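# Notes for the structure review
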Amino acid sequence: MPSSIPVQDAVSDRLDRFMTALGSETRSYGPDAAMFIASAEATLRGGKRLRARFCHAGWRAVARFSARDAIETDALWDLCAALEIFQSAALVHDDLIDNSDTRRGVPAAHRSLEQQHRTLSWSGDAEPFGRAAAILLGDLLVAWSDDLLEQALTGLAQAPDVRREYARMRRDVTTGQFLDIAEESAWLVNPISEHADRALRVVSLKSARYSIEQPLLLGALLAGADESQQSALRSFGHPIGMAFQLRDDVLGVFGDQSITGKPAGDDLREGKRTVLIAFTREQLDASARRLLDELLGDPTLTADQVSAIQATIAESGALARVEELIVSYAQEADRALSGARLDNAAVGELRDLARAATVRSA
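This report concerns the structure included in the present document.

About the thresholds
- Residues numbered from 1 in each chain as written.
- Predicted model: local features only at pLDDT ≥ 70, side-chain atom pairs only at ≥ 80, totals over all residues.
- Heavy atoms only, no water.
- Buried < 20%, exposed > 50% of the residue type's maximum accessible area, 1.4 Å probe, protein only.
- Helix = DSSP H or I, 4+ residues; strand = E, 2+ residues; numbered from the N terminus.
- Arc of directions from axis to C-beta.
- Axes fitted to C-alpha atoms, helices over the stretch in contact; angles between N-to-C directions.
- Parallel < 35°, antiparallel > 145°, perpendicular 65-115°, else oblique.
- Left-handed = near helix turned anticlockwise from the far one by under 90°.
- Contact = heavy atoms within 4.5 Å.
- Phe/Tyr/Trp six-rings, centres within 6.5 Å; stacked < 30°, edge-to-face > 60°.
- Lys NZ or Arg CZ within 6 Å of the ring centre and 35° of its normal.
- Polar contact = N/O pair within 3.5 Å; in protein donor to acceptor, adjacent residues only side chain to side chain.
- Core = buried A, V, L, I, M, F, W, Y, C linked by side-chain atoms within 4.5 Å.

### So, helix α13 (residues 286–295)
Turning to α13, its buried residues are Arg-289, Leu-292, Asp-293 and Leu-295. Each buried residue of α13 lies within a common arc of 165 degrees when the element is viewed along its axis, so the set occupies one face. Just downstream of α13, Gly-297 is the residue with a positive phi angle, here 90 degrees.

Below, the structure written as structure tokens:
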């Protein structure tokens, strides 16, 4: 993605200051809690800061349209940081649900907590401890996210609008996450013709709104966006979010582990019923479809089996269809910015972010 070091640095600095402020409050909790809190803090390191960058871009598009010299406030950086903490919470729970061993090339939170149980020579089974602790870790991160959000909104006239959109984001992504895991079971009783639409609904709720559209809107609302500005940013953000997740689905099957930080074919081992899989199944005969269904969701898939499924997906035309859909969504988003009452420089930044979100290798 294009360089956005100022935003990344500002958000990282804000997170550091937030954790420092928490230190005096949590010091009395004892050493076991200190380990737990340190594990939560570790999840905040790294990442592309995608949501913060779109939030910042949404704010800039509106604030600088009205005032050329609009100054980035503490409230903006608090909001951006709150989004990144919520993202960390979502990833902790997502890795737990998917039984993922790694995240960004290091052990996933539940695996790290599991290992700490062993290192400390505690009694009992380390694995269920790690899973239980990770649930609570995600909950703690959600609470921290709320803390920073409320700090950002203190005394602001825009607070009700921002708070309403943030709440909607939380509802959407949680429901989308449920639909994602439900589809891994529900696909069997639904017509093949409905699978792609069901998968696209998951993409919209779990990723498109939460990753791009709503961060954009939150930044814009903080800047006082009017109805036409909100509409333009929604019309841009949602299709870019759809394209972003479809690219993620492609990488989940065909990605390079050395770049993505996750094993190639991880989505296949997890049994993800993505648009890519729905398009593939539409083109297979009954026996080939049955074989694909038997392999999907097998955590012991070998590299050769993953390669065979990759070939099936590509040869079915599903990969090409998804790539075409990504291009179509990107074009739809670009049209939404034409003539919008937004800062011209910020519109250019949005287009750069859009290209980077949809044409990427990690």
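### Examining the packing of helix α9 (residues 227–254) against helix α16 (residues 344–358)
The interhelical angle for the contact between α9 and α16, taken along N-to-C directions, is 20 degrees, at an axis separation of 8 Å. In terms of orientation, α9 and α16 fall into the roughly parallel class. For the pair α9 and α16, the sense of crossing is left-handed. Contacts from Leu-233, Phe-236, Ile-240, Ala-243, Phe-244 and Arg-247 of α9 reach α16 at Leu-350, Ala-354, Ala-357 and Thr-358.

### A short note on the packing of aromatic side chains
The full count for this structure, using the stated rule, is four aromatic pairs. Measuring from centroid to centroid gives 6.1 Å for Phe-18 and Trp-144, while their planes differ by 75 degrees, and the two rings are edge-to-face. Here the residue Phe-18 occupies a position in helix α1 (residues 5–26), and Trp-144 occupies one in helix α6 (residues 126–153), the gap between them amounting to 126 residues. Just as Phe-18 is buried, Trp-144 falls in that class too. When the centroid spacing of 5.5 Å and the interplanar angle of 90 degrees are considered together, the rings of Trp-122 and Phe-129 count as edge-to-face. Trp-122 gets classed as partly exposed once you look at its relative accessible area, which sits at 30%. In textbook terms, an aromatic cluster arises when at least three aromatic residues are bridged by ring pairs, as seen for Phe-86, Tyr-166 and Tyr-210. One Lys or Arg, Arg-273, reaches over the ring of Trp-187 and ends 3.7 Å from the middle of that ring. Note that Arg-321 overlies the ring of Phe-279, its terminal NZ or CZ placed 3.7 Å from the centroid.

### Some remarks on the side chain of Lys-272
Assignment of secondary structure puts Lys-272 in the loop between α11 (266–270) and α12 (275–283). With a relative accessible area of 7%, Lys-272 lands in the buried category. Only 3.0 Å separates the side chain of Lys-272 from the side chain of Asp-98, close enough to count as a polar contact. If we skip the residues at most four places from it in the chain, Lys-272 touches Asp-98, Asp-180, Glu-184, Lys-206, Asp-267 and Ile-277.

### A look at the nonpolar core
Among the nonpolar cores identified, the biggest contains 48 residues, and Val-11, Leu-79, Ile-85, Leu-141, Trp-144, Val-162 and Tyr-166 are the most heavily contacted of them. Looking at this core, the elements that each hand over two or more residues are α1, α2 (31–42), α3 (50–66), α4 (74–98), α5 (109–119), α6, α7 (159–186) and α8 (192–222). Considering every element that reaches this core, the biggest residue donor is α4, with twelve residues.

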